[in-house]
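Overview (structure and organization)
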Amino acid sequence: MLNLFSLKEKKEEGAKGGAGAKKKASAAQLRITKDINELELPKTCKTEFPDPDDLLSFKLIIYPDEGFYRNGQFSFSFKIGAAYPHEPPKVKCETKVYHPNIDLEGNVCLNILREDWKPVLTINSIVYGLQYLFLEPNPEDPLNKEAALELQNNRRLFEQNVQKTMKGGSINGVYFERCLK
């Protein structure tokens, strides 16, 4: 008769004794690897991995080709936590931008990064959500209330202010670095 317990013990001893035994990947690492392998970036986006061995921390750069923000270059940092995919990644805009849904600290107001997150959503979903914010800013759910009010009340002035800030200018005493490509 085969003694399964003794086989299991030998296997565990071998794993412990093996020098340089590889650490098991976490659920978050496995899922982010799958998400990144299946990523279908539009031509207006690219990813950068500062540390190719760390898929839990990367950048997304969006280059809108239409709308108020066309010809701009906007960088977002992604931090994937241990609870991913049960919790959304932490996403910050690293480019200071005059936008109703992005505040001056880089916080992003995107429903799928908050209350509407579901584990079935992927990094691809977030990429398309962020890209959509640049095509259709949403003044109904703002983080930058001033920009939202301006977009609602005077689209032309809003567009002028977006262009001014993207060229490297100030609005109400806040300076914005040039982000045109």
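Placed above this text is the structure.
Residues numbered from 1 in each chain as written. Predicted model: local features only at pLDDT ≥ 70, side-chain atom pairs only at ≥ 80, totals over all residues. Heavy atoms only, no water.

**Topic: the pattern of salt bridges**
What counts, and what does not: The working definition used for a salt bridge is a side-chain nitrogen of Lys or Arg within 4 Å of a carboxyl oxygen of Asp or Glu. Strands are runs of DSSP state E lasting at least two residues, helices are runs of H or I lasting at least four, and both sets are numbered from the N terminus onward. Type-normalised accessible area, obtained with a 1.4 Å probe on protein chains alone, sets the label of each residue: buried when under 20%, exposed when over 50%, and partly exposed for intermediate values.
Considering all chains together, one arrives at eight salt bridges under this definition. Measuring nitrogen to oxygen at the nearest pair gives 3.3 Å for the salt bridge that ties R114 to D141. Note that R114 is positioned in the loop between β4 (90–93) and α3 (123–135) and D141 in the loop between α3 and α4 (145–153), a separation of 27 residues in sequence. Classification of D141 by relative accessible area gives partly exposed; the value is 31%. Among the ionic contacts, a cluster of salt bridges with common partners joins R114, E115 and D141.

**Focus: the pairing of strand β3 (residues 74–79)**
Quick note on the threshold: Should DSSP find at least two bridges between two strands, the strands are taken to pair.
The element β3 is extensively covered by neighbouring structure, given that five of its six residues are classed as buried. Two elements, strand β2 (residues 57–62) and β3, share six bridges in a ladder whose sense is antiparallel. Residue S57 lies in a different strand from β3, and its bridge partner there is K79. Relative to β4, β3 runs antiparallel, the two being bridged by four bridges. Bridge assignment links K79 to a residue of β4, and that residue is K90.

**With respect to the layout of surface pockets**
Where we set the bar: Any residue with an atom within 4 Å of a point lines the site, the site being either a cavity, points on a 1 Å grid over the protein atoms alone where a 1.4 Å probe fits but cannot get out, or a pocket, an open set with protein on both sides within 12 Å along at least 5 of 7 lines. Grid points are joined across faces, edges and corners, and a volume is the space filled by probe spheres set on the points.
The computed volume of the largest pocket comes to approximately 160 Å³. Contributing to the lining of the largest pocket are A25, Q29, L30, I32, T33, D53, D54, L55 and L56.

**Structural notes on helix α2 (residues 27–37)**
Residues lying three or four places apart along an α-helix face the same way, a consequence of the helix completing one turn every 3.6 residues. Spelled out, the test is: Directions are taken from the helix axis to each C-beta atom, and the arc is the one they span. The contact criterion used throughout is that any non-hydrogen atoms of two residues lie within 4.5 Å.
Regarding α2, the residues found buried are A28, R31, I32, D35 and I36. Buried residues of α2, viewed axially, fall in a sector of 130 degrees; they line one side. What points out from α2, more than 90 degrees from its buried face, is the exposed set A27, L30 and N37. Tucked inside the fold, the buried residues of α2 contact β2 and α3.

**Observations concerning the environment of F74**
You can see F74 is positioned in strand β3. Distance from F74 to F134, taken between C-alpha atoms, is 9.7 Å for residues 60 residues apart in sequence. Once residues within four sequence positions are removed from consideration, F74 is found in contact with L60, I61, I62, P64, Y69, T95, V97, F134, M166 and C179.

**Looking at helix α5 (residues 155–166)**
The criterion, for reference: In a helix, the anticipated span is given by 1.5 Å times the number of residues less one.
Counted at 1.5 Å a residue, the expected span for α5 with its 12 residues is 16 Å, and the 16 Å between its end C-alpha atoms agrees. For α5, the secondary structure elements touched by its buried residues are β3, α4 and β5 (170–171). Immediately downstream of α5, the backbone of G168 shows phi near 100 degrees, a positive value.

**Focus on the packing of aromatic side chains**
The line we're drawing: The criterion for an aromatic pair is that two Phe, Tyr or Trp rings (for Trp, the six-membered ring) have centres within 6.5 Å, with stacked assigned to planes under 30 degrees apart, edge-to-face to planes over 60 apart and tilted to the rest.
Applying the stated criterion across every chain yields a total of 10 aromatic pairs. Each ring, one from F68 and one from F158, has its centre 5.0 Å from the other, and the planes form 80 degrees; the classification is edge-to-face. With F68 in the loop between β2 and β3 and F158 in helix α5, this pair connects stretches of sequence that are 90 residues apart. One exposure class covers both F68 and F158, and it is buried.

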